[in-house]
Amino acid sequence: SLLQLNTSHLRPSCRADERIFMWRGVNEAPASTINNSTIQLLAALASRASLRDTSSYGSGLRKFHIFCDVFSIPESDRLPASFPLLHSFALWAATDPSMLDAGIADGVPFEPVSVSVVRKYLAAIRAWHIAQGWPPPLSNDDQDRINWSLRGLENLQGSRRRPLRPPITIGMLHALRAALNLNDPFEACVWAMALCAFWGMMRFGEVSVTTRNAFDKAKHLTRRDAHFGFDLDRKPYARLDLPSSKTAKPGEVQSVFLVPQDGLCPLEALQNLARVVPAGPEDPLFSWHDKHGNIRPMVKSKAIAHINTIIGARGWGTAFGHSFRIGGASFYLSQKVDPEIVRIAGRWRSLAYEVYIRAFEQVASRHLGGLLAHSRAEPPLL
């Protein structure tokens with residue numbers, strides 16, 4: 001389970017993109033303007049407008065304060081944060097405890113992330129300092145020292161990386177369908193999410209929310225964002241218009257296109273969800289209702305846990321949210337769909353998506369094998 005953040009009036013419950021402005025420290029920041037209410041208002045407005053998307057900073061700030069809670073760092077030392085504190089945080093956040101002897105770890109809880117994510121966390125802490133009126137906490141020399149340590153951890157842990165995320169397969173989807181009751185609101189929602197994430201090569205965060213209260217119609221899919229139509233060949237399709245996406249510019253809408261699939265059809269799953277869980281246009285697209293009839297957005301951890309209960313019983317191990325995106329892309333490639341079509345449909349900006357097609361080794365022969373049998377015979381070399 002994830003490490004939990006201690007409650008504090010300094011860190012009120014809010015959306016992730018608001019933490020950089022609403023989470024505060026006990027120390028008073030030095031003045032950055034003259035003592036004039038108009039000028040101070042302008043400074044506050046400018047500060048909020050300087051960062052177009054602050055949602056990615058929320059997880060970095062949360063992780064930093066969890067670290068401080070674990071090591072009992074006083075609030076007065078968190079903002080502004082010192083180089084020793086941030087260096088220690090970076091080491092803790094990037095360390096895989098499996099490389100440590102039990103005696104060395106000494107009961108310290110770890111929740112490691114990649115070195116690249118740690119660097120993003122440090123950028124979030126830097127932005128938090130500036131937004132709260134403090135100078136950047138790290139000098140160039142400090143950053144060089146932290147990067148030196150992070151590079152060392154990468155070298156140490158390079159051969160001890162965690163297993164790659166497994167792809168969801170067609171067989172797993174059939175097993176999931178056999179186990180789910182599609183007349184049950186919760187399971188009908190899980191089924192629609194699974195098929196849309198697989199066939200649409202969607203990030204699971206695009207079909208779910210982190211917590212029930214995290215739903216935001218400006219960022220998450222609503223019933224209004226799902227459209228059904230017919231293409232030029234008069235074949236049905238569904239279009240999901242994402243109000244926000246990891247690779248989209250602020251305000252840019254990206255669309256996911258879904259088409260019928262025999263036996264595992266995402267269009268049928270969406271229509272079934274609309275029947276079993278009727279909701280208004282502003283309600284979450286992927287939602288269910290409890291025994292009191294309250295509409296609830298589907299929480300990612302709940303959906304993944306339910307899916308893993310089913311596929312784990314078949315001996316397939318643990319699936320992750322990204323397993324659906326990987327699985328969909330892997331299946332399309334295995335069926336010799338043009339990689340450029342896969343790239344466009346999956347909304348990858350470049351062919352970098354090939355890096356995480358984890359199942360390519362299972363389908364490599366379909367792309368690379370038997371080429372000589374179909375080529376013109378060449379004369380033997382003398």
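Residues numbered from 1 in each chain as written. Predicted model: local features only at pLDDT ≥ 70, side-chain atom pairs only at ≥ 80, totals over all residues. Heavy atoms only, no water.

If you look the protein chain up in an unreviewed UniProt entry, it shows as Tyr recombinase domain-containing protein from Piloderma croceum.

Side note on the side chain of D225
Cut-off, in case you're wondering: Strands are runs of DSSP state E lasting at least 2 residues, helices are runs of H or I lasting at least 4, and numbering of each runs from the N terminus. For every residue, the accessible area obtained with a 1.4 Å probe (protein chains only) is divided by the maximum for its type, and the residue is called buried under 20%, exposed over 50%, and partly exposed between those limits. Positive charges are assigned to Lys and Arg, negative charges to Asp and Glu, while His and the chain termini are left out of the count. Salt bridges are counted wherever a side-chain nitrogen of Lys or Arg sits within 4 Å of a carboxyl oxygen of Asp or Glu. Pairs of residues are marked as contacts when any of their non-hydrogen atoms sit within 4.5 Å.
Topologically, D225 is positioned in the loop between α9 (185-199) and β1 (226-230). Buried charged residue D225 carries no salt bridge. Nearest counter-charge: R224, at 6.3 Å. Each residue touching D225, except ones within four places of it in the same chain, is listed here: H220, R239, L240, D241 and P243.

Observations regarding the pairing of strand β2 (residues 236-242)
A regular strand places its side chains so that they alternate between the two faces of the sheet. Just so we agree on the cut-off: A pair of strands is labelled paired if DSSP reports no fewer than 2 bridges between them.
In terms of strand pairing, β1 meets β2 through five bridges, oriented antiparallel. Bridge pairing links H227 to R239 in β2. Hairpin connection, β1 to β2: the antiparallel pair is bridged by five residues, and R234 has positive phi, about 60°. With five bridges joining them, β2 and strand β3 (residues 254-258) adopt antiparallel strand pairing. Looking across to β3, one finds that D241 is bridged to S255.

Digging into the nonpolar core
Worth spelling out the cut-off: By nonpolar core we mean a set of buried residues, namely Ala, Val, Leu, Ile, Met, Phe, Trp, Tyr and Cys, connected to one another through side-chain atoms within 4.5 Å.
Ranked by internal contacts, the top residues of the largest apolar core, which has 54 residues, are F204, L240, L258, L270, F286 and F324. Of all the secondary structure elements, the ones that give two or more residues to this core are α8 (170-179), α9, β2, β3, α10 (266-276), α11 (300-312) and α12 (322-334). Top contributing element to this core by residue count: α9, with 13 residues. F324 has contacts with I168, L173, A194, A197, F198, F204, I304 and I307, leaving out every residue within four places of it along the chain. By size, the runner-up hydrophobic cluster in this structure holds 33 residues, among which are Y57, I73, L79 and A81.

A word on α11
Which entries qualify depends on this criterion: Take the number of residues in a helix, subtract one, and multiply by 1.5 Å to get its expected span.
Taking 1.5 Å per residue as the helical rise, α11 with its 13 residues ought to reach 18 Å, and the 17 Å between its terminal C-alpha atoms agrees with that figure. On its buried side, α11 packs onto α8, α9 and α12.

Some words on the packing of aromatic side chains
Where we set the bar: Any Phe, Tyr or Trp ring, taking Trp's six-membered ring, that has another such ring centre within 6.5 Å forms a pair; planes under 30 degrees apart are called stacked, those over 60 apart edge-to-face, and the others tilted. In this scheme, the term charge over a ring applies when either NZ of a lysine or CZ of an arginine sits within 6 Å of the ring centre and within 35 degrees of the ring normal.
Within the structure shown, the criterion is met by 15 aromatic pairs. Their ring planes at 85° and their centres at 5.2 Å tell us that F186 and W288 sit as a pair that is edge-to-face. Of this pair, F186 sits in helix α9 while W288 sits in strand β4 (residues 287-289); the two residues are 102 residues apart in sequence, bridging distant segments of the chain. The class for W288 is buried, based on a relative accessible area of 17%. Grouping aromatic residues by their ring pairs yields a cluster made of F64, F67, F71, F89, W92, Y121 and W128. Stacked on the ring of F21, the Lys or Arg R48 has its end atom at 4.3 Å from the ring centre.

Some details on the environment of L91
One can find L91 in helix α4 (residues 83-94). With 62 residues separating them in the primary sequence, L91 and L153 have C-alpha atoms 8.0 Å apart. Not counting residues up to four positions away in its chain, the partners in contact with L91 are S149 and L153.

Quick notes on the pattern of salt bridges
Taken as a whole and judged by the stated rule, the model has 16 salt bridges. Note that D17 is salt-bridged to R15, the shortest N-O span being 3.1 Å. Residue D17 is classed as buried on the basis of its relative accessible area, which comes to 11%. For R15, a relative accessible area of 39% corresponds to the partly exposed category. We note a salt bridge from D290 to R296, for which the minimum N-O separation is 3.2 Å.

Quick word on the packing of α9 against α11
Spelled out, the test is: Geometry is summarised by axes, namely lines fitted to C-alpha atoms with helices restricted to the contacting stretch, and by angles between N-to-C directions that run from 0 to 180 degrees. For classification purposes, angles smaller than 35 degrees are called roughly parallel, those larger than 145 roughly antiparallel, those between 65 and 115 roughly perpendicular, and all remaining angles oblique. Each residue gets one label: Ala, Val, Leu, Ile, Met, Phe, Trp, Tyr, Cys and Pro are nonpolar, Asp, Glu, Lys and Arg are charged, and the others, such as Gly, are polar.
One way to put it is that α9 packs onto α11 with a least axis distance of 10 Å and a crossing angle of 90°. On the basis of their axis angle, the class for α9 and α11 is roughly perpendicular. Together, F186, E187, V190 and M193 of α9 and K302, A303, H306 and I307 of α11 make up the contact between the two elements. Grouping the amino acids of the contact of α9 with α11 by side-chain chemistry returns five nonpolar, one polar and two charged.

Structural notes on the sheet that holds β1
Overall, antiparallel pairing links the three strands, which are arranged β1-β2-β3 in an open sheet. Among the strands making up the open sheet, the edge pair consists of β1 and β3. Along the sheet, successive strands turn relative to each other by an average axial angle of 30°, direction set aside. Contacts from α10 reach β1, β2 and β3, with the element oriented near 70° to β2.

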